[in-house]
Amino acid sequence: YEGKIYLQSSNGSFKAVSNVDIERDKAQEDVAAVFVDVNKDKKLDLVVVSGGSEFPENALQYQDRLYINQGDGKFTKQANGMPTILSSGSCIATHDIDNDGDLDIFVGGRVTPGKFPLSPMSYIARNDSGKFVNITPTISEGLFKVGMVTSATFADLNNDKTAELIVACEWGPIRIFEMDNDKFIDKTSFYGLEKTTGWWDKVLVADINNDGYKDIIAGNAGLNTHMKASNEQPITVHYNDYDKNSSIDAVICYYNGDKSYPFSMRDKMLDQMIFLKKKFLRYSPYASATMSSIFTQAQREGEQTLSANTMASKIFYNSGGKSFTITNMPLLSQLSCNRALATIDINGDKNLDIITAGNNYGTDILLGRYDASIGMLLLNQGNGQLKSISPAASGLNIGGDVRSILPIKTKNGIQLLVVRNDDFASLVPIKVVNQVQ
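Cut-offs and rules
- Residues numbered from 1 in each chain as written.
- Predicted model: local features only at pLDDT ≥ 70, side-chain atom pairs only at ≥ 80, totals over all residues.
- Heavy atoms only, no water.
- Helix = DSSP H or I, 4+ residues; strand = E, 2+ residues; numbered from the N terminus.
- Rg over C-alpha atoms; globule rule 2.2 N^0.38 Å.
- Buried < 20%, exposed > 50% of the residue type's maximum accessible area, 1.4 Å probe, protein only.
- Contact = heavy atoms within 4.5 Å.
- Areas by Shrake-Rupley, 256 points an atom, 1.4 Å probe, with all protein chains shown as cover.
- Lys, Arg positive; Asp, Glu negative; His and termini not counted.
- Charge placed at Lys NZ, Arg CZ, Asp CG, Glu CD.
- 1 Å grid on protein atoms, 1.4 Å probe; cavity = no way out; pocket = protein on both sides within 12 Å on 5 of 7 lines; lining within 4 Å.
- Points joined across faces, edges and corners; volume = space filled by probe spheres on them.
- pLDDT = per-residue confidence, 0-100.
- Phe/Tyr/Trp six-rings, centres within 6.5 Å; stacked < 30°, edge-to-face > 60°.
- Patch = residues over 30% accessible without salt bridge, like charges linked within 9 Å, V, L, I, M, F, W, Y side chains within 5 Å.
- Salt bridge = Lys/Arg side-chain N within 4 Å of Asp/Glu carboxyl O.
- Pairing = 2+ DSSP bridges.

Engineer: Explanation requested: the overall build of the protein in the structure shown.
Structural biologist: Along its length, the protein carries six helices and 30 strands. Taking 2.2 N^0.38 as the reference for a compact globule, 437 residues should give roughly 22 Å; the C-alpha atoms of the protein span a radius of gyration of 23 Å, in line with that estimate. Expressed as lengths along the three principal axes of its C-alpha atoms, the size of the protein is roughly 70 × 50 × 45 Å. By residue count, 50% of the 437 residues in the protein fall in the buried class. By sequence separation, contacts in the protein at least 24 residues apart represent 51% of the contacts at least 6 residues apart. Split by element, the accessible area of the protein, about 20900 Å² in all, is 50% carbon and sulfur. One finds the centroid of the 43 positive side-chain charges in the protein at a distance of 4 Å from the centroid of its 50 negative side-chain charges.

Rendered as structure tokens:
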């Protein structure tokens, strides 16, 4: 399906506007987009990130796109408006990195098709007179292959009037890149976040406890899953070319008792690596097999491992711009993965409240799809203390495979725009203050 531009009319309804160039690019999967005035003509242009894994690595369908606003909702594609980077992306964040008055971008790479879990390319692009130019090698260290990025944002975490870049990855920590001598340097360890590895889906920055420092809200897989993770017993993914066929084999393992076992059942493992059929003629030996008993030491030579030590969605409370105090979100917000987050002062008490949504219908059949969430309002009671408000009380009903939520101003007040995968977008009313207790 092609992307759509919807314009709000005076009566509060939305009407789709046809855009030939956007419709022409419907073969590309749109995974993120942002409106930004690229050419300083006071009209918001559109940058779209391409992603997915349907096409092979480095396919032209992964090229990101820039559409210039012609007015009246009409956009035309600008040739060579984006750097030629054929990486399957996930997200986009904007900031005036070089302080020249226009916005530059960071685009996160999500996956290398056919080579999970290798890191794809992420990049920073500078706005040069209305087109974006890749400056990643000269302005950063460690961003080029930072990981399988799911979400990113710019924010000033230490109140030095220079924004940091906060990046969330699957199979990685929440990372913080800080500008130092005109380069973004990985300061994750400085902030004490190097061990916060998870299956992170979303990061959002806001001052939740009103102390003058911005906190990090991070959506993760949640606690309603049979795979548990901790520092002592992490979930791991081991990857190597175990069968020497010039392709990457990835084996996810998790603890059952005091041992870590492969997640994949025997049949699936043997379909992937046929040479193991002679070793595991029956199911019983495979049931108790660990990585060290499945593969020989020679087969594991060159093996690499990523880990996740938490599945919980969390809030990272900023401690004076130098470190973070980390707490789990309330339990009722852990029923599913939180892939979408938003903040809004829903009751006018000058404390930012949090809305969570998510689910994931594209999981492995053995894992089961994440579908328990219908959205959750976390009411901020002051000093960052959050209370879960039931959907019956809040009026929120945000079910489905939700990928993004955004409070927007309409004629009928602030409503929540909800975007789902393989489904229709919708507007969800937000209850007024005297209806939320």
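Engineer: Please explain the layout of surface pockets as it appears in this structure.
Structural biologist: Remark: the empty space left among the atoms is shown by a probe the size of a water molecule rolled over them. Taken as a whole, the second largest pocket holds about 270 Å³ of empty space. Around the second largest pocket sit 13 residues that line it, and Pro262, Phe263, Ser264, Met265 and Tyr286 are the ones nearest its centre. Residue assignment for the lining of the second largest pocket shows that the elements contributing at least two residues are strand 19 (249-256), strand 20 (259-262) and helix 4 (283-287). Per-element tally for the lining of the second largest pocket: the top contributor is helix 4, with three residues.

Engineer: Honestly, the confidence of the model for the protein in this entry has me stumped. Any pointers?
Structural biologist: The predicted coordinates of low-pLDDT regions are not to be read in fine detail. Per-residue confidence for the protein gives a mean pLDDT of 95; residues scoring 70 or more make up 99%. Low confidence marks residues 433-437, where pLDDT is under 50. Its contacts with residues over four positions away, or in another chain, come to 10 contacts.

Engineer: I keep staring at the packing of aromatic side chains and nothing clicks. Help me out?
Structural biologist: Each aromatic ring pair is described using two quantities: the centre-to-centre distance and the angle formed by the ring planes. For the structure shown, the criterion picks out 11 aromatic pairs. Taking 6.1 Å as the distance between ring centres and 55° as the angle between the ring planes, the aromatic pair formed by Phe154 and Phe184 counts as tilted. Of this pair, Phe154 sits in strand 11 (residues 148-155) while Phe184 sits in strand 14 (residues 183-186), placing them 30 residues apart in sequence. When sorted by exposure, Phe154 lands in the same class as Phe184, which is buried.

Engineer: Which parts of the structure should I look at to understand a nonpolar patch on the surface?
Structural biologist: Among the surface-exposed residues, Met265, Ile365 and Leu366 lie close enough to one another that they form a single nonpolar patch of about 350 Å² accessible area. A residue is classified by how much of its surface remains accessible, and Ile365, at 79% relative accessible area, is exposed.

Engineer: Can you help me understand the pattern of salt bridges in this one?
Structural biologist: Pairs can form between side chains of opposite charge once their charged atoms are near each other. Under the defined criterion, the tally for this structure stands at 18 salt bridges. Lys183 serves as the salt-bridge partner of Glu141, at 3.9 Å between the closest nitrogen and oxygen. Linking Glu141 in the loop between helix 2 (136-139) and strand 11 with Lys183 in strand 14, this pair joins segments that are 42 residues apart in sequence. Using a relative accessible area of 42% as the deciding quantity, one classes Glu141 as partly exposed. Note on Lys183: relative accessible area 26%, which makes it partly exposed.

Engineer: Which parts of the structure should I look at to understand the pairing of strand 18 (residues 235-240)?
Structural biologist: Walk down a regular strand and you will see the side chains alternate between the two sheet faces. Counted residue by residue, strand 18 has six buried out of six residues, so it is predominantly covered. Along strand 18, one buried face is formed by Ile235, Val237 and Tyr239 and the opposite face, lined by Thr236, His238 and Asn240, is buried too. Relative to strand 21 (residues 304-308), strand 18 is paired through five bridges, and the arrangement is antiparallel. By the bridge assignment for strand 21, Thr236 is matched with Ser307. By the bridge criterion, five bridges tie strand 18 to strand 19 in an arrangement that is antiparallel. When the sheet's bridge partners are listed, Thr236 is paired in strand 19 with Cys253.

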